[in-house]
Every structure is written in C-alpha cells, then in structure tokens.
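Geometric and topological summary
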Amino acid sequence: MNFFRHRPLGLPALALLISVAGCSSADDSGTVAVPSPDAKTAGLCQNLDKALPRTLDGRSRNDPEPRSAYTAGWGSPAIILRCGVTRPPKMIDPKVAKGDDPDAMAGAVNGVDWLMEQQSDGTWRFTTANRQAYVQVTLPKGKDGRQSSPVLVGLAPAVKEAIPSGIASMT
C-alpha cells in the first residue's frame, strides 16, 4: 500500500512535525528578536558583548537563539539583554518624568541611568538612558523588577566601559 497516495497530507504533516521538533530548544534559552542597529550603534553593541560578565545574579551566560553580538542571556529562564534597540516611548513620557506612571520609573544604578517598566505580562524591562546606544534588559517572569539591583549592578561596569554617555541615535 502506498501511504502517501492514500493520505495526501501525510508528507506535509511529517515535514511540519520534523521542522517543529528541530526548532524546539532543550536548554530553555529561547529565542529573542535581534535588534538591527545602525553602524555606529552596532560597533558599540559589539564592544558591549565582549565586556559582558560570564555570570550575572548567580546565573551563567546562556545566550539565546539566534546567536548575535546584539543579544545575551543568563540562566534559565533567562535574563535577556538586547543592545541597539529603539528608544522606548515611555522614555520621553512626561508622566514617567513626574513619577506619575505606576508602571514605569527612572533611576540610576552604579552610574548607569535606567528606565524601569513593568510589562503587561508581568515581566520587567530596563532600558539604559543617557548612553549612545539603548541597551534593554528583560527579567524572566516571576523575577521582581524592584529587586533587580544585583542584575543592574552586575551589568553597570560593562555598560559604562562599552557604551559612552550621550544621546543614542533615534534608529
């Protein structure tokens, strides 16, 4: 009996199953959208990638897929860093500057300014401010952003070394 003659969807279904199985991740590092920075920002991000710590908040570096000099990760579930992202809208929101936004606030940790935002899914996102490139750090679900000091303290030396103070390009 010809299996594929009687089941016309057999081959496509088998191909789909193989492709889905091939895309799964056994190490739970996940996938991350890779930023597309301009040339100047790309150079800064590549320098940051080289300066990033091997461990962060007690977690070993475990970069997400696809591998890129613009992304990094630590632990599982991962703390994710993306360099060369666009400026978040809340960075110029007057409510945040006045302290009137319950989901966002600005602050500094060890000489690096950050915008802290609680996302609708419960995760926390931090984006550098007053640096020549925007660096974004997302904590995994369940990690309280108000207790993020070890993460931001651990990243501060690399950010200060690789991303100079200044204004990031708007791209």
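Residues numbered from 1 in each chain as written. Predicted model: local features only at pLDDT ≥ 70, side-chain atom pairs only at ≥ 80, totals over all residues. Heavy atoms only, no water.

So, about the state of the cysteines. The final tally for this structure, using the stated rule, is 1 disulfide. Residue pairing for Cys-45: its cysteine sulfur links by disulfide to Cys-83, the two sulfurs lying 2.1 Å apart. Linking Cys-45 and Cys-83, the disulfide has an S-S dihedral of approximately -80° and is accordingly described as left-handed. In this pair, Cys-45 is assigned in helix H3 (residues 39–51) and Cys-83 in strand S4 (residues 79–83), connecting sequence segments 38 residues apart. (Disulfide = S-S within 2.5 Å. Helix = DSSP H or I, 4+ residues; strand = E, 2+ residues; numbered from the N terminus.)

Enumeration over the complete set of coordinates arrives at 6 salt bridges. Two residues, Arg-61 and Asp-63, come together in a salt bridge whose shortest N-O distance is 2.8 Å. With relative accessibility at 15%, the residue Arg-61 sits in the buried group. Given the relative accessible area of 18%, Asp-63 is considered buried. (Salt bridge = Lys/Arg side-chain N within 4 Å of Asp/Glu carboxyl O. Buried < 20%, exposed > 50% of the residue type's maximum accessible area, 1.4 Å probe, protein only.)

Another point: the packing of H3 against helix H5 (residues 149–162). Taken N-terminus to C-terminus, the directions of H3 and H5 make an angle of 145°; their axes are 9 Å apart at the nearest point. Classified by chirality, the crossing of H5 by H3 is right-handed. Counting all contacts with H3, which are made through Leu-44, Asn-47, Leu-48 and Ala-51, the residues of H5 involved are Ala-158, Val-159, Glu-161 and Ala-162. Here the residues of the contact of H3 with H5 sort into 6 nonpolar, 1 polar and 1 charged. (Axes fitted to C-alpha atoms, helices over the stretch in contact; angles between N-to-C directions. Left-handed = near helix turned anticlockwise from the far one by under 90°. Contact = heavy atoms within 4.5 Å. Nonpolar A, V, L, I, M, F, W, Y, C, P; charged D, E, K, R; others polar.)

Looking at the protein chain, the pLDDT average stands at 84 and 82% of residues meet or exceed 70. In the model, residues 1–29 has pLDDT below 50 throughout and makes 12 contacts with residues more than four positions away in sequence or in other chains. (pLDDT = per-residue confidence, 0-100.)

Attention shifts here to the sheet that holds strand S5 (residues 104–109). In space, the 6 strands of this open sheet follow the order S3-S4-S8-S7-S6-S5, with antiparallel pairing throughout. Among the strands making up the open sheet, the edge pair consists of strand S3 (71–74) and S5. When the angles between neighbouring strand axes are averaged without regard to direction, this sheet yields 20°. Bridge analysis of strand S6 (residues 112–118) against strand S7 (residues 124–129) gives 6 bridges, and the strand direction is antiparallel. Note on S7: the bridge partner recorded for Asp-113 is Ala-129. (Pairing = 2+ DSSP bridges.)

Moving on to the environment of Leu-44. Relative to the assigned elements, Leu-44 resides in helix H3. With 119 residues separating them in the primary sequence, Leu-44 and Ile-163 have C-alpha atoms 5.9 Å apart. With residues near it in sequence (within four places) discarded, Leu-44 still touches Gln-132, Ala-133, Ala-162, Ile-163 and Pro-164.

To continue, consider H5. The end-to-end C-alpha distance of H5, which contains 14 residues, comes to 20 Å, matching closely the 20 Å that a straight helix rising 1.5 Å per residue would cover. Remark: the principal bend of H5, roughly 35°, maps to Ala-156, with a proline, Pro-157, within the next four residues. Taken together, the buried positions of H5 are occupied by Val-151, Leu-152, Leu-155, Ala-156, Ala-158, Val-159 and Ala-162. (Expected span 1.5 Å × (residues − 1). Bend = angle between axes of the 7 residues up to and from the residue.)

As a further point, take the nonpolar core. Residues Leu-48, Leu-81 and Ile-163 are the most contacted members of the largest nonpolar core, which totals 30 residues. With 7 residues, the single largest contributor to this core is H5. In this structure Leu-48 touches Leu-81, Cys-83, Val-135, Ala-158, Val-159, Ala-162 and Ile-163, once residues within four positions along its chain are discounted. (Core = buried A, V, L, I, M, F, W, Y, C linked by side-chain atoms within 4.5 Å.)

We now examine unusual backbone geometry. Cis geometry is adopted by the peptide bond preceding Pro-66, which originates at Glu-65 and carries an omega value of -10°. Considering the arrangement of structural elements, one finds Pro-66 in the loop between strand S2 (59–60) and S3. In the segment running from Ser-76 into Pro-77, the intervening peptide bond is cis, with an omega of 0°. Assignment of secondary structure puts Pro-77 in the loop between S3 and S4. A positive phi angle is found at Asp-57, which is not glycine, with a value near 55°.

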